[in-house]
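Fold and geometry: a report
These are the residues of each chain, in order.
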Amino acid sequence: MKRVAVLGATGSIGASSLAVLRRNKDRFCVRVLSAHRDWRSLDALAREFDPEFVVLTTPPPEDFAPRWPGAWRHGADALTEAAQTPDADIVLNAVVGIAGLAPTLAALEAGKRLALANKESLVAGGDLVLAARNRGGGELLPVDSEHSAIHQCIADRPSAEVRRLTLTASGGPFRTWPRERLDDITPADALAHPTWDMGAKISIDSATLANKALEVIEAAVLFGVDYDQVDVVVHPTSIIHSVVEFCDGSSLAQLGRPTMEVPISWALGFPDRLDDPPAEPGFDPLRDGPLEFEPLRHRDFPLFAAGVAAGRSGGELPIAFNAANEVAVEGFLAGRLSFGELAQVVRRTLEQFSPNTVDSIDQVWRIDARARDVARQESGRGEALPTRAGATISGDD
Ligand code: NDP
Ligand code: MG
């Protein structure tokens with residue numbers, strides 16, 4: 001029986017993970033659950049799974065009155081400690097944003113299997129994450145669907161045999177919108193993803209294609225390949241999740257209708273496949289074809305190129321890209337920035353940073369904090385811009 005800590009249990013990936021774990025109670029038990037603010041949902045989950053303890057990363061609010069009588073821990077440090085708890089063998093990190101980095105490092109240092117959905121960890125802390133894995137002997141399994149696909153295709157082949165990785169992108173909700181309409185996009189438009197049902201931050205990242213830039217960086221870190229070896233292609237139906245081309249000219253792809261339960265199940269069960277098909281039917285060539293592809297619209301979605309360039313340069317730049325993007329997404333969700341201004345804020349923030357080497361976690365926090373300050377200034381120098389029509393959805397923090 002493997003014991004699992006689900007960090008970010010109240011989110012979209014948290015819900016998909018708990019759906020897989022609920023169906024596989026003979027192999028896994030949930031020992032830790034965490035949320036940031038949503039203590040009511042955490043309370044309900046705790047009553048269902050009866051873990052050793054739960055973590056609410058914010059201090060208990062005034063109306064805090066949980067019905068689950070077990071141990072409640074509070075604060076960001078409690079989340080990092082939870083990632084190292086002797087009560088869990090597997091840590092599933094489904095926290096959103098840079099807050100996921102400390103638990104990622106802690107879980108790998110403690111020798112856990114880390115099922116990692118939190119891609120921001122790898123973007124801001126890539127080399128440090130790999131070093132923590134090497135020191136602690138932890139195991140890093142990607143949950144992001146494209147990276148899970150690559151992991152499944154590479155299997156046990158040595159990295160020297162991998163020639164090229166092709167990540168697919170749905171293209172987001174504005175794939176076919178003409179350029180002149182892009183600046184009228186509201187948060188509600190951007191949150192309506194055509195193929196994936198996800199949390200707010202990644203939905204906006206998906207609409208701007210910043211998500212795909214984060215994923216290119218994630219792939220370069222996870223699979224140790226050069227940026228020149230990673231391609232992205234738009235594949236609107238999200239059936240092929242990635243393609244790996246090997247040195248003999250053969251290419252392998254992983255296919256399936258879009259559900260995060262498959263990559264989650266792979267990360268939990270590896271090297272076994274769980275005998276547990278999700279509710280989504282498997283791939284059917286007649287129903288799911290034809291499989292179509294398009295190039296990315298680089299000029300209309302400039303955050304993609306900005307993010308890949310930041311990853312390629314390395315040093316402070318991917319940390320600053322991640323931080324500025326998080327601030328810009330919050331600003332867009334709160335109605336302070338237009339869709340077009342997201343990329344401007346990120347670009348102007350990146351101009352203040354350099355590819356200097358970053359070799360400690362304290363440096364990462366300092367660069368992250370400075371990039372957030374710059375991005376907030378660039379988002380209107382602290383003054384709220386006029387609220388845009390339809391901007392009624394608030395951000396995560
Ligand atoms: P959600 O916003 O749906 O959920 C985020 C979770 O993290 C919630 O449990 C939330 O708690 C918690 N959380 C939020 N802020 C903090 C914080 N500062 N400290 C600790 N916990 C926090 O996000 P998703 O599930 O969509 O995404 C999670 C991660 O997985 C992201 O990194 C995303 O990029 C990645 N991912 C997501 C995919 C998807 O399909 N959704 C696909 C591939 C990757 P609360 O509910 O209390 O706010
Ligand atoms: Mg993905």
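Conventions adopted
Residues numbered from 1 in each chain as written. Chains lettered and ligands numbered in written order. Predicted model: local features only at pLDDT ≥ 70, side-chain atom pairs only at ≥ 80, totals over all residues. Heavy atoms only, no water. 1 Å grid on protein atoms, 1.4 Å probe; cavity = no way out; pocket = protein on both sides within 12 Å on 5 of 7 lines; lining within 4 Å. Points joined across faces, edges and corners; volume = space filled by probe spheres on them. Helix = DSSP H or I, 4+ residues; strand = E, 2+ residues; numbered from the N terminus. Salt bridge = Lys/Arg side-chain N within 4 Å of Asp/Glu carboxyl O. Buried < 20%, exposed > 50% of the residue type's maximum accessible area, 1.4 Å probe, protein only. Contact = heavy atoms within 4.5 Å. Pairing = 2+ DSSP bridges. Axes fitted to C-alpha atoms, helices over the stretch in contact; angles between N-to-C directions. Near = heavy atom within 4 Å. Polar contact = N/O pair within 3.5 Å; in protein donor to acceptor, adjacent residues only side chain to side chain. Nonpolar A, V, L, I, M, F, W, Y, C, P; charged D, E, K, R; others polar. Donors = N, O, S within 2.8 Å, 3.2 Å for Na, K, Ca; no water.

Its boundaries defined by the atoms lining it, the second largest pocket holds a volume of some 370 Å³. The wall of the second largest pocket is formed by 22 residues, among which Gly126, Asp127, Gly314, Gly315 and Pro318 lie closest to the centre. Those elements giving two or more residues to the lining of the second largest pocket turn out to be helix 5 (119-136), helix 9 (210-223), helix 12 (303-313) and helix 13 (316-333). Ranked by residues supplied to the lining of the second largest pocket, first place goes to helix 5 with eight residues.

A word on the pattern of salt bridges. One pass over the structure, following the stated rule, counts 31 salt bridges. The shortest N-O distance in the salt bridge between Glu52 and Arg31 comes to 2.9 Å. Within this pair, whereas Glu52 is found in the loop between helix 2 (39-49) and strand 3 (53-56), its partner Arg31 is found in strand 2 (residues 28-35), the two being separated by 21 residues in sequence. Judged by its relative accessible area of 39%, Glu52 falls in the partly exposed class. The exposure class assigned to Arg31 is buried, which follows from its relative accessible area of 17%. Across the pair Asp288 and Arg257 runs a salt bridge, and its minimum N-O distance is 2.7 Å.

We now examine the side chain of Thr85. Among the structural elements, Thr85 can be located in the loop between helix 3 (76-82) and strand 5 (90-93). A relative accessible area of 5% means that Thr85 is categorised as buried. The contact partners of Thr85, leaving out residues within four places of it in the chain, are Val32, Phe53 and Lys112.

Sheet architecture is open: seven strands sit in the order 4-3-2-1-5-6-7, paired in parallel fashion. Strands at the two margins of the open sheet, each flanked by one partner only, are strand 4 (71-74) and strand 7 (139-142). Each strand of the sheet is rotated relative to its neighbour by a mean of 20°, with strand direction disregarded. Note: strand 5 against strand 6 (residues 113-116), four bridges, orientation parallel. Residue pairing for strand 6: Leu92 is matched across the bridge by Ala115.

Let's shift gears to the site of ligand 1. Around ligand 1 sit 27 residues in total, of which Thr10, Ile13, Arg37, Asp38 and Glu120 are the nearest. With respect to ligand 1, the backbone of Gly8 contributes an N or O atom lying 3.3 Å from an oxygen atom. Take Ser12: an N or O atom from its main chain is 2.9 Å from an oxygen atom of ligand 1. For the shell around ligand 1, the elements supplying multiple residues, two or more each, are helix 1 (12-23) and helix 5. Residues that form the shell around ligand 1 fall into these classes: 12 nonpolar, eight polar and seven charged.

The protein atoms that coordinate the magnesium ion (ligand 2) are Asp144 (OD), Glu146 (OE) and Glu215 (OE), at distances spanning 2.1 to 2.2 Å. Mapping the donors of the magnesium ion (ligand 2) onto the primary sequence gives the spacing D-x1-E-x68-E. Here Glu215 lies in helix 9 and Asp144 lies in the loop between strand 7 and helix 6 (145-154), a separation of 71 residues in the sequence. Each member of the pair, Asp144 as well as Glu215, is classed as buried.

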